[in-house]
Amino acid sequence: MPLGQPFAPGGAERVALRIGPVSRLILLDDEIVEVAKGRLVLKFEYGQDVMITTDEQQVGSLDGNEITFWNLADGSKKKTFQVEGACDALAISPDGQQIAISHLVTPTQVKADKRFHKKKKVMKMALKYKQLVSFYDVSTGKKAQTVSEYYDIVYRLRFSEDGSKLFVFQLPHIKVQTSKQTLTYVSRVDATTHEPLR
């Protein structure tokens, strides 16, 4: 759909619907649409995740290892940075200062973790089937901290409305599921200290 064209709802290809925090914009699969005018604001050809900021001035996208912030007024790129091994989920804090990103576990990380000392089998499992979540500073693109918790496959990250907590939606890799029924669960992280909550 070209920019500026009216959006005709009901297309079979539109699967995901996410409404912007102040409901001026909606994210329909890979397109951001202005609700009042039905006008396409921005379209994403590829990528793992997209999220509109609370003030609806920007959108953050995750494509491969690249995090990009786009200006919703004119569709221009504002900033971009790389996260090695980025996976499928990102979340932008309500104040727009932090971004949380899921990513692969590296050999360096598990070797440095005392929990894996002399546990080669567990280390291999973590490298194959677990993911980590890190917080980054939006203005600089620099990593603030990696959460000290190993997660299953993270398919969504979301901050609480007040920005105090991060919710990590995850499900086990199919090869390590112990139940015939697919399990999905949610973990919480303190968004100030970046520590996992029990």
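Treat the numbers as computed from the prediction; the structure is a model and nothing was measured.

Visitor: Looking at this structure, how should I read the environment of S76?
Guide: Looking at the element boundaries, S76 is found in the loop between β7 (66-71) and β8 (77-82). Once residues within four sequence positions are removed from consideration, S76 is found in contact with F69, W70 and N71. A polar contact is formed between the side chain of S76 and the side chain of D74, at a distance of 2.7 Å.

Visitor: Could you clarify how one ought to interpret the confidence of the model for the chain in this entry?
Guide: Confidence in the prediction of the chain, expressed as mean pLDDT, is 85, and 86% of residues score 70 or more. Ignoring residues within four places in sequence, the model shows residues 1-17, a span with pLDDT below 50, making 33 contacts including any to other chains.

Visitor: Please clarify how unusual backbone geometry should be interpreted in this entry.
Guide: Excluding glycine, residues mostly have negative phi values, and the peptide bonds linking residues are mostly trans. The phi dihedral of E56 falls on the positive side, at around 60 degrees, and the residue is not glycine. Secondary-structure assignment places E56 in the loop between β5 (49-52) and β6 (58-63). Here the phi dihedral of K118 falls at roughly 60 degrees; this positive angle occurs in a residue that is not glycine.

Visitor: Would you take a moment to explain the sheet that holds strand β11 (residues 131-137) for this structure?
Guide: Sheets are built from strands that pair by backbone hydrogen bonding, the pairs being arranged parallel or antiparallel. Here we have four strands laid out as an open sheet, ordered β9-β10-β11-β12, and antiparallel in their pairing. Edge strands, defined here as strands with exactly one partner in the open sheet, are β9 (86-92) and β12 (143-146). Within the sheet, the average angular offset between the axes of one strand and its neighbour, ignoring direction, is 25 degrees. As defined by bridge partners, β9 adjoins strand β10 (residues 98-104) across four bridges and the pair is classed as antiparallel. If you follow A91 over to β10, its bridge partner there is A100.

Visitor: Whenever I open this one, the sheet that holds strand β14 (residues 165-171) confuses me. Can you help?
Guide: Strand order in the open sheet formed by four strands is β13-β14-β15-β16, with antiparallel pairing between adjacent strands. Two strands bound the open sheet, and with one partner strand each, they are β13 (153-159) and β16 (196-197). When strand β15 (residues 185-190) meets β16, the two strands line up antiparallel, connected through two bridges. Each residue of the ladder has a partner; that of R188, found in β16, is L197.

Visitor: Could you clarify how one ought to interpret the packing of aromatic side chains in this entry?
Guide: The description of an aromatic ring pair rests on the distance of the ring centres and on the angle between the ring planes. Counted according to the given criterion, the structure contains five aromatic pairs. Where F135 meets F159, the ring centres are 6.2 Å apart and the plane angle is 65 degrees; that geometry is what we call edge-to-face. Of this pair, F135 sits in strand β11 while F159 is found in strand β13, placing the two residues 24 residues apart along the sequence. Looking at F135, the relative accessible area reads 0%, which means it is buried. For F159, a relative accessible area of 12% translates into the label buried. We note K79 situated over the ring of F69; from NZ or CZ to the ring centre the distance is 5.9 Å.

Visitor: I'm lost on the nonpolar core in this one. Help?
Guide: Soluble globular proteins tend to pack their nonpolar side chains together in the buried interior. Counting residues in each nonpolar core, the largest one holds 27 residues, and the members touching the most others are I99, I101, V133, L157 and L166. Those elements that provide at least two residues to this core are β7, β9, β10, β11, β13 and β14. With five residues, β9 is the largest single contributor of residues to this core. The residues touching L166, leaving out its near neighbours within four places in the chain, are A91, A100, V133, F135, L157, R158, F159, S187, R188, V189 and A191. Of all hydrophobic cores here, the second largest spans eleven residues; its members include L27, L42, V50 and L72.

The rules we used
- Residues numbered from 1 in each chain as written.
- Predicted model: local features only at pLDDT ≥ 70, side-chain atom pairs only at ≥ 80, totals over all residues.
- Heavy atoms only, no water.
- Helix = DSSP H or I, 4+ residues; strand = E, 2+ residues; numbered from the N terminus.
- Contact = heavy atoms within 4.5 Å.
- Polar contact = N/O pair within 3.5 Å; in protein donor to acceptor, adjacent residues only side chain to side chain.
- pLDDT = per-residue confidence, 0-100.
- Pairing = 2+ DSSP bridges.
- Axes fitted to C-alpha atoms, helices over the stretch in contact; angles between N-to-C directions.
- Phe/Tyr/Trp six-rings, centres within 6.5 Å; stacked < 30°, edge-to-face > 60°.
- Buried < 20%, exposed > 50% of the residue type's maximum accessible area, 1.4 Å probe, protein only.
- Lys NZ or Arg CZ within 6 Å of the ring centre and 35° of its normal.
- Core = buried A, V, L, I, M, F, W, Y, C linked by side-chain atoms within 4.5 Å.

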